[in-house]
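Chain and residue survey
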Amino acid sequence: MSHSQTTTTEHHPALAHQFDSLEQQKDASMLGMWAFLLTEIMMFGGLFAAYLIYRLRYYEAFVAGSTSIAVTLGAVNTLVLIGSSLTMALAVSAAQRGAQKVLRGFIVATMLLGLVFLGIKAVEYHEKYVEHHIPGGVFGKFGPTDIEKDLQEKDHKTPEAAAQIARQTEIFFCFYFAMTGLHAFHMLIGFGLMTWLLWLSRGNRFGPDYYTPVELGGLYWHFVDIVWIFLFPLLYLISRTQGAH
Amino acid sequence: MAQNGSHGHPTHGVYYAVFGALVIGTLLTWGVAFVDLGIFNPIVALAIACTKATLVILFFMHVRYSSKLTMITVAAGFFWLMLLISLSLSDYLTRTLTLGQ
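Basis of the calculations
Residues numbered from 1 in each chain as written. Chains lettered and ligands numbered in written order. Predicted model: local features only at pLDDT ≥ 70, side-chain atom pairs only at ≥ 80, totals over all residues. Heavy atoms only, no water. 1 Å grid on protein atoms, 1.4 Å probe; cavity = no way out; pocket = protein on both sides within 12 Å on 5 of 7 lines; lining within 4 Å. Points joined across faces, edges and corners; volume = space filled by probe spheres on them. Helix = DSSP H or I, 4+ residues; strand = E, 2+ residues; numbered from the N terminus. Nonpolar A, V, L, I, M, F, W, Y, C, P; charged D, E, K, R; others polar. Contact = heavy atoms within 4.5 Å. Buried area = accessible area lost by both parts, 1.4 Å probe. Salt bridge = Lys/Arg side-chain N within 4 Å of Asp/Glu carboxyl O. Polar contact = N/O pair within 3.5 Å; in protein donor to acceptor, adjacent residues only side chain to side chain. Core = buried A, V, L, I, M, F, W, Y, C linked by side-chain atoms within 4.5 Å. Buried < 20%, exposed > 50% of the residue type's maximum accessible area, 1.4 Å probe, protein only. Domains from an automatic or database assignment. Axes fitted to C-alpha atoms, helices over the stretch in contact; angles between N-to-C directions. Parallel < 35°, antiparallel > 145°, perpendicular 65-115°, else oblique. Left-handed = near helix turned anticlockwise from the far one by under 90°.

Some points on empty space enclosed by the protein
All told, the structure shown has 1 cavity of 30 Å³ or more when counted by the stated rule. Within this model, the largest cavity holds a volume of roughly 40 Å³. Considering the residues around the largest cavity, the lining is formed by Leu237 and Ile238 of chain A together with Thr29, Val32, Ala33, Asn41, Val44 and Ala45 of chain B. Elements represented by at least two residues in the lining of the largest cavity include exactly helix 1 (12-32) and helix 2 (40-60) of chain B. With 3 residues, helix 2 of chain B is the single largest residue contributor to the lining of the largest cavity. Among the residues making up the lining of the largest cavity, the classes are represented as 6 nonpolar, 2 polar and no charged.

Some points on the interface of chain A and chain B
Between chain A and chain B, the contact holds 49 residues from the first and 51 residues from the second. In this assembly, chain A packs against chain B so that about 4300 Å² is buried in total across both faces, 80% of it on carbon and sulfur atoms. At the boundary of chain A with chain B, the tally comes to 0 salt bridges. Taken together, chain A and chain B are joined by 3 residue pairs in polar contact (both at pLDDT 80 or more). Where the side of chain A that touches chain B is concerned, the elements lending two or more residues are helix 1 (22-57), helix 3 (71-97) and helix 7 (212-237) of chain A. The leading source of residues in the side of chain A that touches chain B is helix 1 of chain A, at 17 residues.

Description of the nonpolar core
The tendency in soluble globular proteins is for nonpolar side chains to be buried as a group. The biggest cluster of nonpolar side chains holds 95 residues, and the ones touching the most others in it are Trp34, Phe48, Tyr51, Leu235 and Tyr236 of chain A together with Met61 of chain B. Of the residues forming this core, the biggest block, 18 residues, is contributed by helix 7 of chain A. When we break this core down by domain, the ones giving at least three residues each are domain 1 (6-66) and domain 2 (68-101) of chain B. In this structure, tyrosine 51 of chain A is in contact with Phe62, Phe172, Phe175, Met179, Leu234 and Leu235 of chain A, ignoring residues within four places of it in sequence.

A look at the packing of helix 1 of chain A against helix 6 (residues 159-201) of chain A
Residues and elements named next belong to chain A. The interhelical angle for the contact between helix 1 and helix 6, taken along N-to-C directions, is 165°, at an axis separation of 10 Å. Taken together, the axes of helix 1 and helix 6 are roughly antiparallel relative to one another. Of the two elements, helix 1 crosses helix 6, and the hand of that crossing is left-handed. Of the residues in helix 6, those in contact with Glu40, Met43, Phe44, Leu47, Phe48, Ala50, Tyr51 and Tyr54 of helix 1 are Ile171, Phe172, Phe175, Met179, Leu182, His183 and His186. Along the lines of polarity and charge, the residues of the contact of helix 1 with helix 6 split into 12 nonpolar, 2 polar and 1 charged.

Focus: the environment of serine 68 of chain A
Residue and element names in this part refer to chain A. Relative to the assigned elements, serine 68 resides in helix 2 (residues 59-68). Since its relative accessible area comes to 16%, serine 68 is described here as buried. Along the backbone, serine 68 and lysine 128 are 60 residues apart, and their C-alpha atoms lie at a distance of 8.8 Å. Discounting residues that sit within four places of it in the chain, serine 68 has contacts with Glu127, Lys128, Glu131, His133, Ile147 and Phe173. Looking at serine 68, its side chain comes within polar contact range of the side chain of lysine 128, at 2.9 Å.

Next comes the structure, spelled out in structure tokens:
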């Protein structure tokens, strides 16, 4: 119960008493983090599945909605996030080498790239706001959107069909904002984790024996990157050539 | 070559190579999106996305260098995700084809 800790062997301060070794402790932490990330993957996976099913049901509306979002901004954001994954991987490597200053530099770089991502996302959201594409009670209450006009003029839809398809794009935008919003929320949690890692690194505690918090923070950050790797093609790309037949 | 433990991370060269592959994949999927491949547009886009995700998981997330228990857990999770999406879509895709005509 309250026996004092064994003093026969050197005891690393980070090693919890229920583990035999730091290596076993790290393996357990990695497994636990992956178990958590898999539940996250199933949550986003449910949204992906729902998106694909609704895309079949309201195909023309999803094509119209998808071609209305800014593909260049989405692609640049993909590159920014991939860059942040690289700096995160290098941060973990620095932690493993015990290079605390390099670690802090790469964590700050990761956060800055994440900030650029959210800034670009904000520009995209603002664009949708200006175009009256935000789903909700006032959707379609500001007169015909540019989408409805394009459907008539470029796709040669009848006014009635164009109005109906334009109305259904609200479902696409529900998915767009739910999925990118949930993703952006995960980025904010990522910032919290990065701040925590910066705080932890003050004590120069990370080194070859122990850098598990940085490794787990990295897993989380890369997971958020993976979600975006799928969001980008699904939301921005796969419908690009399908309009204006 | 980790046998069971979590020793050994990739070198920085591996990280930069993976980063380069991810950038190329992104540019490729971006460019191909504007080429009309008909039904193959989503397939190509998702194939590239799966390749990119696999690279991130294996190298950035160190699964390639993790314990076998971690590997099998990750694989099981993604298998379950594939079940969710493929079984749901095989239902809805076939319904749409019959009811839509």
